[in-house]
Each structure stands twice: as structure tokens, then as C-alpha cells.
Amino acid sequence: MNNVQKTACARHAGAARWAYNWGLARKMEAYQKGEKVPSAIDLHRELNVLKQGELSWMLEVSKCAPQEALRNLDQAYANFFRRVKEKKAGRKIRVGFSRFKSKKHGLGGFRLTGAIHIFDKVIQLPRLGRLRLKERGYLPVEGVHILSATVSEHAGHWFVSVQVEKEIPDPQASYQPVVGVDLGILALATISDSTRIENPHALKRDLGKLKRLQRVVSQRKKGSTNREKAVRQLARAHLRVANVRKDALHQVTSRLATLAPAASAGETKSAVVLEDLHVNGMVKNHHLAQAIEDVGFYEFWRQMVYKSQWYGCQIIPADRFYPSSKRCSQCGHIQVTLDLGMRVYICEQCGLMIDRDLNAARNLEQLTTGSSPERYACLRQCRRHRCGEMISPGYQAVLVEAGTEHQYTNVCRFVQVSENGIAIRLGPRSLPD
């Protein structure tokens, strides 16, 4: 991409940003006055009138850039009120109103529709012409219907993502074994078939460089050219960290969703058992917060969900309070105390010595194979009842795994075990007397 094309992309991004901010201001003004809030179509009609006068500069860019930005604004506006209703209904969810876009964190991006053609080395976009691609042979060409193309800028580099429509055949039924996956910090994922996938530690590896570049930025005079150069260099370093993390997550999720253990390539396992981690509670530990955020547990789950739909792999979430690390995968004995520093699990009852993460992965696998017991008795004394005894018919104490509860350590929760063996967790205040 030459300088002329970069300038054209920057103009399109600026037009989309201006249209979004202008439309947001119009919506807020109409809402405060009690008038009907204009939709994206209404705003686009007003914008077409303004283009003939004070906004004549917007005629230099494609009409799709501001039009798609107004559609995004409509969706964001509707999502806000939807989240407000869900929060009033009792769902714990963040509610935030749309904000005005700024160039402080980058030029942003824009979306184009219409005549889009993809070739081996270039992509042809409306009003931008043919743009040379650095990654060749990556975008889909055959057997797809192109819907739109989104161009975005990150740390001085321009990227394009293409939305296509393609018919994918239904995945074949799989009879491969179920596997358990234990997510962690030292190892990104430990599979129950003894496979260990290392964590790249993207942020930790480049943290020294990021600190040095940030120090350079703070020492430069605000508004100077040297400060702009330092900011761009820092942004490229942050982009590299994000790309390394994203690449590692894509590789491990694709491997889990498509490749079965001890099977040939292309086969799909029937199910993958994953932990339902309470990340917000885990990051309360300030000694591990940075390392936990560096892994990207949410992104791992998000990729596994949609890739499992592609390849026909079932995702089974384990209960958040299931003691996968404290339970012996051989005899089922639950160890009361297990510090994070104990990387080797030693069973006090059968003497099993096994890697801590591998033991947890095998316990997760046993949740669906039937070898895991349905009830887990707590070995300590809780505040209201004596653990190890049935509190009432169908109720029993369950020991919370270390690291999943940040308010108390090794406290008891109570579950009701139904006839089909499904444990329903109850709060402390809902216990029977």
C-alpha cells in the first residue's frame, strides 16, 4: 500500500468516525428533548443533504463508510437499552452508553460493501481500487459470496477482514473419546491424554521492552515529532504482544476442536470438558493478576464455542466449584489443602504421584465417563453443619477449590443432588435448617 492509498484509507476512517459522532450527538439531542430518536436511515438522509453544502469533503469517500458507521451506531444504541433491561431483570452485566470516537487510540476503521473482488495478491475495494496484500493466498476466493470488507488501522498498519457467506456441510458424527482440558498459567492447556501445550507468555516476554518504550514516551515533549515516533513504536510493540497471544490461542483451540487424541488428522473428538473459571475472582490475587490476564481465558472460551459449532465438537462446562485439582483422578480422594506452589499432586490415600494440571484434566474427563463420584464430602468442619454428613435428604457439603472463591478460603457450598446425578448449587442462605 502506497502513501496515496494510505491517505485514502485515513479519509474513509475519518468520515466513518465523524458520521458516528454526529449521529450519536443527534440521538442524544432527540432523546433529551423527548422527540423520536432518528434511525440510521433517517440520519443517512440528513447526511446526504449536508453533503451538498458544508460537508462537501465527504463526497471524496465512499458512501458506505458513513452509512455503515450509522448502522453500527444503531446497533450500539439498541444494545445499551437491551442491557439495561437485562440488568433490571437481575442479570449481572455491565451497562455502558456509547462513547464518542477519538483518534487518541488509533484512526479506527470503516466497512465497505458492493463490488469487492479478491485476487491472489491484491484486493479490490470500492473507491480505493486495488490494494496490495502482504499475506497472499490467505483470503477466501472460491465458493464464497462476499458480503462486506472491514478496513482498520492498528499501530500504523492497515488490515482488511472480509465477511463471506459460505455453505458448510454438517459435521460428521464423532465417536472419539471425551477429553478434559485444564487451563493454567505455566501451561496454557493440559489435556487428559498427557499433552501439554506451553503458554507463550506474550506480555511477560516483552514486558521489559514495553516499559523502556513507555519511559521514552513520557520523556518526550508533548506535541513534538519525536513523541509521535515514540508512540508509534510503543503501539507496534503492544500490537506484537497481542498478535502472539492471539496466534497461540487460535492454534490450541483449533487443535482441540478438530484433532482427537491418538487419532488421525481431520477427525473430531466428541466432547471437550472445560473449566468454568471465575476470572474476576482469580485476578483479586495481585501476585497472579498480570499472568492471568496475559493468558486470555475469555478469548479461549469464545474461540472454542464457535469452532466447536464448525467441527461438530461438543463443549461441556464443568461446574465452577468442582474440585478438579484437589481430587485424586485414581481413587477419588479429595485433599483438603493444596497450595498453588504444589505442582505435583500426591494422594494421601492411594499414593498416586502425578502432575497437578494433568490430574485436574483427567478429573474433568471423568465427569462424562461416569468414573467420577456424584457426591463429594467435605473433610473439614463448616460453620453450620458437620461436614461429611448428609445435612438433609439430597443435600451434602462440597469443598470449594482453591482460587475460585476470593472472599473465603476452603469454605463449603451446599448442593442438591437430583436423581439423575446432576448437582444443583445452592447459596448459603438457602440451606434447609
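No experiment lies behind these values; they were computed from the predicted model shown.

Reading guide: rules and limits
- Every chain's residues receive numbers from 1 upward, in the order its sequence appears when written.
- Residues qualify for local features only when their pLDDT is at least 70, as the model is predicted, and side-chain atom pairs are given and counted only at 80 or more; totals for whole chains, interfaces and linings, by contrast, use all residues.
- No hydrogens and no water enter the side-chain calculation; it runs on all heavy atoms of the structure.
- The rule for pairing is simple: two strands pair if DSSP sees at least two bridges between them.
- Comment: elements are numbered from the N terminus, with helices defined as DSSP H or I runs of at least four residues and strands as E runs of at least two.
- Each axis is a line fitted through C-alpha atoms, and for a helix only the stretch in contact is used; angles between axes span 0 to 180 degrees, taken between their N-to-C directions.
- Contacts are assigned to residue pairs with any non-hydrogen atoms lying within 4.5 Å of each other.
- Patches here are clusters of residues that have more than 30% relative accessible area and form no salt bridge, with a 9 Å joining cutoff for like charges and a 5 Å cutoff for nonpolar side chains (Val, Leu, Ile, Met, Phe, Trp, Tyr).
- Each accessible area is a Shrake-Rupley result for a 1.4 Å probe, and residues are judged covered by the shown protein chains and nothing else.
- We count a salt bridge whenever a side-chain nitrogen from Lys or Arg sits within 4 Å of a carboxyl oxygen from Asp or Glu.

Peer 1: Run through the sheet that holds strand E5 (residues 145–154), naming residues and quoting values.
Peer 2: Spatially, the 3 strands line up as an open sheet ordered E1-E5-E6, and their pairing is antiparallel. Of all the strands in the sheet, just strand E1 (109–112) and strand E6 (157–165) have a single pairing partner and so form its edges. Shown here is a sheet whose adjacent strand axes are inclined to one another by a mean of 15 degrees, direction ignored. The pairing of E1 with E5 spans 4 bridges and is antiparallel. The partner of Arg 111 across the bridge, within E5, is Thr 150.

Peer 1: Describe the sheet that holds strand E11 (residues 314–318), listing the residues and the values that go with them.
Peer 2: Reading across the sheet, the 5 strands line up as E9-E8-E7-E10-E11 and stay open at both edges, with mixed pairing between neighbours. Taken across any chain shown, the strands that pair with only one partner, and hence form the sheet edges, are strand E9 (196–198) and E11. Within the sheet, the average angular offset between the axes of one strand and its neighbour, ignoring direction, is 20 degrees. Here 3 bridges tie strand E8 (residues 187–191) to E9, and the two strands are oriented antiparallel to one another. Looking at the pairing, Ala 187 lines up with Glu 198 of E9. Each of strand E7 (179–183), E8, E9 and strand E10 (271–275) touches helix H6 (residues 225–258); the most contacted strand, E8, lies at about 5 degrees to it. Sheet strands in contact with helix H9 (residues 297–311) are E7, E10 and E11, and its direction is about 160 degrees off that of E10.

Peer 1: Mind laying out a nonpolar patch on the surface, listing which residues take part and the relevant values?
Peer 2: A cluster of nonpolar residues, Ile 168, Trp 310 and Tyr 311, forms a patch on the protein surface that exposes about 310 Å² of accessible area. Here Ile 168 lies in the loop between E6 and E7.

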